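# A structural walkthrough
Residues per chain, in single letters:
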Amino acid sequence: MATFKTPIITLPYDSFTARASATEQQSYTEHLEHGGVLFLPNLGFSLSPDEKRFLSPDWSDGKAKNIYLRGNDRTIRGAKGNADDLMAMSALIERYATGTQQLISHLLPSYANHAKPANTSLRCIEASGRKTSWRKDDSRLHADAFPSKPTQGERILRVFTNVNPYGKPRVWKIGEPFSEMAKKFIHKVPRYSRTQAKLLHLLSITKSYRGEYDHTMLHLHDLIKADADYQHNAPQMTFEFSANSTWIVYSDQVLHAVLSGQYMMEQTLHLPPDQLDYPDASPQKVIEKILNRNISL
Ligand code: SIN
Ligand code: FE
């Protein structure tokens, strides 16, 4: 199996309010926007003795994959429990959201006023052996793109923290650079149809209008997940995110797959494309360069 230079850089910080110099901040943004991963092995997230009981799959409502607070509407979802339990769970997840916002403002301050907090989640289900359709199977390499949620060019930046209390890592595969994957698959993406996009929105299948960018990202997601040869033979590396570590990644750009791990917290942020420091490295511009034409957002 072919490999490649690691996209992971390791940062020493052990606090969500860690300070970095302007040069360091610039280098982190540059790394992330070029498909890198920032790995903070010394940054865990503390749960109080009372909160530790929430590290159990038993709090799941049995329907959703995660327990989460959605974007602006912070009602807790995917959980079961009495009103006090749900309030305590919600406070825990909200505290993580606050921590990640502090982390962004200290390490990536050029994003701080523009990154819109989306979902914040607590993920207590073991990632290995989850039964799901191939399309939702995150043990296959993919870049994030969601059928019902067009981003209209907004980038998906994610902060993850492994909160496993038994010292178990979260094991990921990380794939080749987005541009290498896109060169192999872009010509298999079906032609975009505005009429179909309008219909999908009208029928509420998509929450907003799916432009050619989201159409392309979604098809690339599906094409590589469905391609067993690519999954097995494309350049990739395995990486263990240790317990009590944090990592930051543009998950719409870095090819990733989760092999195993349990108990993780995650914050999604959406960054408007005009706030990128290196727009030419974005999936949109990479795709446009290969196609030699513009694609609509
Ligand atoms: C994902 O594929 O976005 C999920 C990764 C994980 O659960 O570790
Ligand atoms: Fe993913």
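Just so we're clear, the structure is a prediction, and the values are computed from it rather than from any experiment. (Residues numbered from 1 in each chain as written. Chains lettered and ligands numbered in written order. Predicted model: local features only at pLDDT ≥ 70, side-chain atom pairs only at ≥ 80, totals over all residues. Heavy atoms only, no water.)

## Notes on the overall build of the chain
For clarity, the threshold we go by: What counts as a helix is a DSSP run of H or I of at least four residues, what counts as a strand is a run of E of at least two, and both are numbered from the N terminus. All radius of gyration figures rest on C-alpha atoms, and the globule criterion is 2.2 Å times the number of residues raised to 0.38. Per-residue accessibility, obtained with a 1.4 Å probe over protein chains only, is compared with the maximum for each type, and a residue is labelled buried under 20%, exposed over 50%, and partly exposed between these values. Contacts: residue pairs with any heavy atoms within 4.5 Å of one another. Areas reported as accessible are Shrake-Rupley estimates using a 1.4 Å probe. Residue values count occlusion only from the protein chains shown.
The number of helices and strands found in the chain is eight helices and 11 strands. Against the globule reference of 19 Å for 297 residues, the chain gives a C-alpha radius of gyration of 19 Å, in line with a compact fold. The dimensions of the chain, computed from C-alpha atoms along their principal axes, are 55 × 45 × 40 Å. When each of the 297 residues of the chain is scored for burial, the buried share is 53%. Here the analysis covers contacts within the chain between residues at least 6 apart in sequence; of these, 84% occur between residues at least 24 apart. As presented, the chain carries roughly 13,800 Å² of accessible surface, and 52% of it is formed by carbon and sulfur atoms.

## Points about the nonpolar core
Condition: Residues belong to a common nonpolar core when they are buried Ala, Val, Leu, Ile, Met, Phe, Trp, Tyr or Cys residues joined through side-chain atoms within 4.5 Å.
Ranked by internal contacts, the top residues of the largest apolar core, which has 42 residues, are Leu107, Leu122 and Leu157. Elements with a minimum of two residues in this core: α1 (22-33), β2 (37-40), β3 (67-69), α2 (83-107), β6 (155-162), β9 (246-250) and β11 (264-271). Among the elements that take part in this core, α2 stands out by supplying eight residues, more than any other. Those residues in contact with leucine 122, other than ones at most four positions away along the chain, are Phe54, Leu55, Asn66, Ile67, Leu92, Ile93, Met264 and Met265. The next biggest cluster of nonpolar side chains, apart from the first, holds 21 residues, and it includes Leu141, Ile186, Met217 and Ala234.

## Notes on the side chain of histidine 215
Note that histidine 215 resides in helix α6 (residues 212-225). By relative accessible area, which is 6% here, histidine 215 ends up buried. Ignoring anything within four residues of it in the chain, the contact list for histidine 215 reads Val189, Pro190, Arg191, Tyr192 and Arg210.

## Some words on the site of ligand 1
What counts here: Any residue with at least one heavy atom within 4 Å of a molecule or strand is counted as near it. Polar contacts, as used here, are pairs of N or O atoms within 3.5 Å; protein pairs need one atom able to donate a hydrogen and one able to accept it. Residues neighboring in sequence count only if both atoms are side-chain atoms. Each residue gets one of three labels, nonpolar for Ala, Val, Leu, Ile, Met, Phe, Trp, Tyr, Cys and Pro, charged for Asp, Glu, Lys and Arg, and polar for the others, Gly among them.
Neighbouring residues of ligand 1: Arg123, Asp138, His142, Asp144, Arg158, Arg170, Trp172, His256, Val258 and Met264. Between histidine 142 and ligand 1, the recorded distance is 3.0 Å, taken from a side-chain N or O atom to an oxygen atom. Measuring from an oxygen atom of ligand 1, one finds a side-chain N or O atom of arginine 170 at 2.7 Å. Elements that contribute at least two residues to the shell around ligand 1 include exactly β7 (170-175) and β10 (256-260). Broken down by class, the residue content of the shell around ligand 1 amounts to three nonpolar, two polar and five charged.

## What about the sheet that holds strand β8 (residues 236-241)?
Keep this limit in mind: Pairing between two strands is assigned when DSSP locates at least 2 bridges connecting them. Here, axes are lines fitted to C-alpha atoms. For helices the fit covers the stretch in contact, and angles between N-to-C directions go from 0 to 180 degrees.
As summarised here, the arrangement of the three strands in space is β8-β7-β10, forming an open sheet in which the pairing is antiparallel. Edge positions in the sheet fall to β8 and β10, since each has one partner strand and no second. Across the sheet, the axes of successive neighbouring strands diverge by a mean angle of 30°, strand direction being ignored. With four bridges connecting them, β7 and β10 associate as antiparallel partners. Bridge pairing links isoleucine 174 to histidine 256 in β10.

## Things to note about the packing of α6 against helix α8 (residues 283-291)
Selection criterion: Orientation categories follow fixed angle ranges, with anything under 35 degrees roughly parallel, anything over 145 roughly antiparallel, 65 to 115 roughly perpendicular, and all other angles oblique.
One way to put it is that α6 packs onto α8 with a least axis distance of 11 Å and a crossing angle of 90°. The orientation of α6 relative to α8 falls into the category roughly perpendicular. On α8, the residues touching Tyr213, Thr216, Met217 and Leu220 of α6 are Pro283, Gln284 and Ile287. Of the residues that constitute the contact of α6 with α8, the class distribution is five nonpolar, two polar and no charged.

## Quick word on the sheet that holds strand β1 (residues 8-10)
Here we have eight strands laid out as an open sheet, ordered β1-β2-β9-β6-β11-β5-β3-β4, and mixed in their pairing. In this open sheet, the two edge strands, each paired with only one partner strand, are β1 and β4 (76-77). Against the sheet, α2 engages β2, β3, β4, β5 (116-123), β6, β9 and β11, with an angle of about 55° to β11.

## So, the environment of proline 57
Along the chain, proline 57 turns up in the loop between β2 and β3. Sequence-distant contacts of proline 57, defined by excluding residues within four places in its chain, comprise Cys124, Ile125, Gln262 and Tyr263.

## Some words on the pairing of β6
Most of β6 is tucked away, with eight of its eight residues classed as buried. Burial of β6 is two-sided: the residues Arg155, Leu157, Val159 and Thr161 facing one way and the residues Ile156, Arg158, Phe160 and Asn162 facing the other way are all buried. Note: β6 against β9, five bridges, orientation antiparallel. If you follow phenylalanine 160 over to β9, its bridge partner there is tryptophan 247.

## As for the packing of aromatic side chains
Formally: The pairing test for Phe, Tyr and Trp rings, Trp by its six-membered ring, is centres within 6.5 Å, and the orientation test on the planes gives stacked under 30 degrees, edge-to-face over 60, and tilted for anything in between.
As enumerated under the stated definition, the model contains 16 aromatic pairs in all. With 5.0 Å between their ring centres and 70° between their planes, phenylalanine 54 and tryptophan 59 make a pair best called edge-to-face. Of the two residues examined, phenylalanine 54 and tryptophan 59, each falls in the buried class. Geometrically, the ring pair formed by tryptophan 172 and tryptophan 247 is edge-to-face, given 5.7 Å between the ring centres and 90° between the ring planes. On the criterion of sequence distance, the pair formed by tryptophan 172 in strand β7 and tryptophan 247 in strand β9 is long-range, its members being 75 residues apart. What makes tryptophan 247 buried here is its relative accessible area of 0%. One aromatic cluster in this structure is built from Phe39, Phe160, Trp172, Phe239, Phe241 and Trp247.

Don't take any of this as a statement about function, it's just geometry.
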